[in-house]
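Report on the structure
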Amino acid sequence: MTAVTPAVHDARLGLRATAGQAAALARRSIVRIMRQPQVIVPNLFFPTFFLVINNASVGKAAGLPGFPGDRYLPFALAGTVLQAVMLSSTSAGSEVALDIESGFFERMLASPVSRLAILLGQLAGVAVFGALLALFFAAVIAPFDAVMKAGIGGYVVLVISAVFLAVTFGGFALALGIRTGSVEATQGAFPLYFVAIFISSAFFPVALMTPWYRHLAGNNPVTFMIDGIRDLTLEPFSWAAAANAIGVSFGAALVAVLVAFAALNARLAQR
Amino acid sequence: MIEQRMSLRAVVAGIAKRNLLATIRMPSIIAPSLIFPIFILISFTSGFTALTDLPNFPTDNFTSWYLPFAALQGSSFAGAGAGFSAARDIENGFFDRLLLSPGRRVGILLGGLSVGFVRSTITALVVIATGFALGARPAVDDPLQVLGGLAVIILGAWAVATMAGLWSLGVAYRLKTERAAPLFFIVVFMALFLSTAQVPIDLMNSGWLQAIARWNPITYLLRFVRQGFVTPFSWADTWPGVVTVTAVLGLLFLWTWRALARYEK
């Protein structure tokens with residue numbers, strides 16, 4: 001039997017069928033996440049803990065020359081949302097690895113399901129969760145007079161960016177899950193995410209870091225993602241800032257989906 | 001009496017050797033307790049270095065400030081490994097067989113803690129070496145103060161490893177499952193961060209954290225271990241740390257001892 005590439009397979013199915021299948025798989029993915037408190041609770045607890053502790057301990061740093069804004073809490077919002085989204089999105093990789101281990105994934109591939117729908121369906125769960133996380137952290141800091149200076153438009157951009165960021169990190173996790181087929185290997189990548197967050201502008205401004213660390217953090221794609229959202233937290237709304245925040249996260253999401261698609265291709269080629 | 005003392009030593013040595021071998025054979029256990037504090041040290045000292053520009057920050061070298069904390073943090077992970085080993089032994093039935101043996105119970109406890117001593121010593125030394133490479137320097141150019149500064153970090157590492165070890169053993173004996181492992185770490189992690197880990201009490205941004213940090217024994221342990229690197233040695237920074245740590249270790253020993261006694265019932 002000749003192996004059919006995902007693109008050819010999907011073209012035969014048609015767009016409407018693909019969309020319907022993606023919606024069904026998305027629903028499965030969302031319900032799956034919402035039914036797992038062990039996925040939800042740590043992703044709320046740890047970023048909240050770091051946000052609260054950092055604000056309470058190093059918050060006075062916001063008075064230092066060169067610190068963007070005049071308070072730490074609004075400064076930290078973008079980094080906290082990204083941290084939460086990044087940690088939670090790894091579940092996309094674990095879920096697909098679990099499906100592979102249980103044989104469900106192979107059954108899905110054997111059925112006339114669109115390959116794109118398989119990927120988008122898996123990513124929908126983390127995307128929805130990412131949007132909820134963005135709203136949660138924005139709501140957590142709002143009572144402390146830490147609102148986005150960009151107003152409603154800023155919050156809309158925050159949520160859209162969080163969705164794309166979730167797709168970004170979920171896409172990379174998905175690729176890893178598809179390639180390895182192992183929950184353990186997927187979760188083993190967790191330290192990489194941890195390193196990516198800490199060597200970025202998530203908790204402290206790049207301009208105030210030591211020179212060599214500033215160089216690393218300044219060139220970390222995670223910093224670009226955070227700074228895009230942060231501009232709207234600390235400055236009034238501007239279309240340029242909104243386009244930058246959404247553009248960076250969208251671009252990253254596109255790359256991640258392509259990487260996940262390539263991983264799926266590679267897996268199909270091995271069958 | 002002599003026979004009893006030998007028996008205690010044999011039990012401690014036997015359990016320590018077994019746990020040490022198990023640890024060596026599983027690098028995945030050792031690596032996090034070494035890599036994590038090194039990464040945190042590099043990340044925090046390079047990222048948060050500007051904190052020393054805050055008025056009245058006790059040093060202009062953030063690496064010197066953070067190094068002792070990073071050593072304690074890594075050692076706490078090393079110490080909490082005792083709970084892991086105990087929970088694993090409980091689940092696979094080895095612990096019950098151990099309790100049926102004629103060895104003294106306190107030996108089982110001390111044996112479990114002993115690996116934490118070894119691991120925390122290694123962790124502290126690695127963190128100190130990394131700290132020096134990153135630019136940590138003693139507070140004064142007195143060889144005695146430098147040696148003293150290194151010694152108190154090692155002592156602090158042992159203390160925090162023992163605290164974390166006793167806590168995790170107490171939890172393991174009570175809950176009897178490896179699934180309790182997150183509890184070993186989360187409580188220790190929170191205790192460490194709700195202290196003067198990042199900035200002194202007066203420079204904290206929130207009153208609630210200042211209040212917690214004032215009551216947190218880790219704050220006094222940090223004052224003790226920062227001597228030599230941040231402040232010169234003084235009795236005022238020494239005795240609160242020694243008294244607090246002794247009291248906490250005593251309370252944690254009772255908590256763990258009672259858990260062990262209950263386990264047997």
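What you see is a predicted model, and the numbers here were worked out from it, not measured in a lab.

Here is what the cut-offs are and how they apply
The residue numbers shown here count from 1 along each chain, following its written sequence. Chain A is the first chain written and ligand 1 is the first ligand written, with later ones labelled in order. The predicted origin of the model limits local features to residues at a pLDDT of at least 70 and limits the giving and counting of side-chain atom pairs to 80 or more, whereas totals for whole chains, interfaces and linings rest on all residues. Values shown for side chains rest on all heavy atoms present in the structure; no hydrogens or waters enter the calculation. Runs of H or I in DSSP of at least four residues are treated as helices and runs of E of at least two as strands, each being numbered from the N terminus. Each residue is placed in one exposure class: buried if its accessible area under a 1.4 Å probe, protein chains only, is under 20% of its type's maximum, exposed if it is over 50%, and partly exposed if it falls in between. In this description, contact between two residues means that some pair of their heavy atoms is separated by no more than 4.5 Å. Every accessible area reported is derived by Shrake-Rupley at a probe size of 1.4 Å, with residue values counting cover from the shown protein chains alone. His is not counted, nor are the chain ends; Lys and Arg add positive charge and Asp and Glu add negative charge. By convention, the point assigned to a charge is CZ for Arg, NZ for Lys, CD for Glu and CG for Asp. Radius of gyration means the value over C-alpha atoms here, while the globule rule gives 2.2 Å times the residue count to the 0.38 power. As a working definition, buried area equals the accessible area (1.4 Å probe) given up by two parts on being put together, with both sides summed. Salt bridge criterion: a side-chain nitrogen from Lys or Arg within 4 Å of a carboxyl oxygen from Asp or Glu. In this classification, the charged set is Asp, Glu, Lys and Arg, the nonpolar set is Ala, Val, Leu, Ile, Met, Phe, Trp, Tyr, Cys and Pro, and all remaining amino acids, among them Gly, are polar. Ring geometry is summarised as follows: Phe, Tyr and Trp rings, the Trp one being its six-membered ring, pair when their centres sit within 6.5 Å, and such pairs are stacked at plane angles under 30 degrees, edge-to-face over 60 and tilted between the two. Charge-over-ring placement is defined geometrically: NZ (Lys) or CZ (Arg) within 6 Å of the ring centre, and within 35 degrees of the ring normal. Helix axes are fitted to C-alpha atoms over the stretch in contact, other axes to C-alpha atoms as well, and angles between N-to-C directions run from 0 to 180 degrees. These descriptions rest on fixed angle ranges, namely under 35 degrees for roughly parallel, over 145 for roughly antiparallel, 65 to 115 for roughly perpendicular, and the rest for oblique. The hand of a helix crossing depends on one turn: near helix anticlockwise from the far one by less than a right angle means left-handed, and clockwise means right-handed.

Glancing now at the overall build of chain B. Scanning chain B for helices and strands turns up ten helices and zero strands. If you line up chain B on its principal axes, its C-alpha atoms span 60 × 40 × 35 Å. In chain B, which comprises 265 residues, the share counted as buried stands at 53%. In chain B, of all internal contacts separated by at least 6 residues, the share reaching a separation of at least 24 is 79%. Counting every atom, chain B has about 11700 Å² of accessible surface; 68% of that belongs to carbon and sulfur. Measuring between centres, the 20 positive side-chain charges of chain B sit 12 Å from its 12 negative side-chain charges.

Helix and strand content of chain A: twelve helices and zero strands. Secondary structure of chain A in N-to-C order comes out as α-α-α-α-α-α-α-α-α-α-α-α. Whereas a compact globule of 271 residues would reach a radius of gyration of roughly 18 Å, chain A reaches 19 Å, a difference of no more than 12%. When its C-alpha atoms are laid out on the principal axes, chain A stretches across 65 × 35 × 35 Å. Every one of the 271 residues in chain A was classed for burial, and the buried ones make up 55%. In chain A, once contacts between residues fewer than 6 apart in sequence are set aside, the share between residues at least 24 apart is 80%. When the accessible surface of chain A is summed, it comes to about 11400 Å², and 70% of that surface belongs to carbon and sulfur atoms. Distance between charge centres in chain A, computed from 16 positive and 11 negative side chains, equals 7 Å.

Before going further, it helps to examine the interface of chain A and chain B. Residue-level contacts link 26 residues of chain A with 29 residues of chain B. With both sides pooled, the region where chain A packs onto chain B buries about 2400 Å², and carbon together with sulfur makes up 77% of that total. Remark: the boundary between chain A and chain B carries zero salt bridges. Take the side of chain A that touches chain B: its biggest share by element is eleven residues, from helix H3 (residues 37–58) of chain A. Along the lines of polarity and charge, the residues of the side of chain A that touches chain B split into 20 nonpolar, five polar and one charged.

With the rule as written, the count across this model stands at 42 aromatic pairs over all chains. On the numbers, 4.8 Å between centres and 35 degrees between planes, the contact of Phe204(A) with Phe48(B) is tilted. Here Phe204(A) is found in the loop between helix H9 (190–198) and helix H10 (211–218), whereas its partner Phe48(B) is found in the loop between helix H2 (27–47) and helix H3 (62–92) on a different chain. The burial state of Phe204(A) is the same as that of Phe48(B); both residues are buried. Taking NZ or CZ as reference, Arg226(B) lies 3.5 Å from the ring centre of Trp65(B), over its face.

Here the focus is the packing of H3(B) against helix H7 (residues 181–193) of chain B. Residue and element names in this part refer to chain B. Contact pair H3 / H7: the axes reach a minimum separation of 10 Å and the direction vectors enclose 160 degrees. The orientation of H3 relative to H7 falls into the category roughly antiparallel. Crossing of H3 over H7 shows right-handed handedness. Packed against H3, whose contacting residues are Tyr-66, Phe-69, Gln-73, Ser-76, Phe-77, Ala-80, Gly-83 and Phe-84, the element H7 presents Ala-181, Phe-184, Phe-185, Val-188, Phe-189, Leu-192 and Phe-193 at the interface. Grouping the amino acids of the contact of H3 with H7 by side-chain chemistry returns twelve nonpolar, three polar and no charged.

All names here are of chain B. Relative to the elements of secondary structure, Thr-63 occurs in helix H3. Measuring from C-alpha to C-alpha, the distance between Thr-63 and Trp-215 comes to 25 Å, with 152 residues separating the pair along the chain. Sequence-distant contacts of Thr-63, defined by excluding residues within four places in its chain, comprise Thr-45, Gly-131, Leu-134, Gly-135 and Ala-136.

A pair can form between side chains of opposite charge whenever their charged atoms are brought close. Residue and element names in this part refer to chain A. Going through the model one piece at a time under the given rule, you end up with seven salt bridges over all chains. Across the pair Arg-28 and Asp-99 runs a salt bridge, and its minimum N-O distance is 3.1 Å. With Arg-28 in helix H2 (residues 15–34) and Asp-99 in helix H4 (residues 72–102), this residue pair connects regions lying 71 residues apart in the sequence. Linking Asp-99 and Arg-32 is a salt bridge whose minimum nitrogen-to-oxygen distance equals 2.9 Å. With a gap of 67 residues between them, Asp-99 in helix H4 and Arg-32 in helix H2 connect regions that are remote in the sequence. Of the two residues, Asp-99 and Arg-32, neither departs from the other in class, the shared state being buried. What you see here is one network of salt bridges that share partners, running through Arg-28, Arg-32, Glu-95 and Asp-99.

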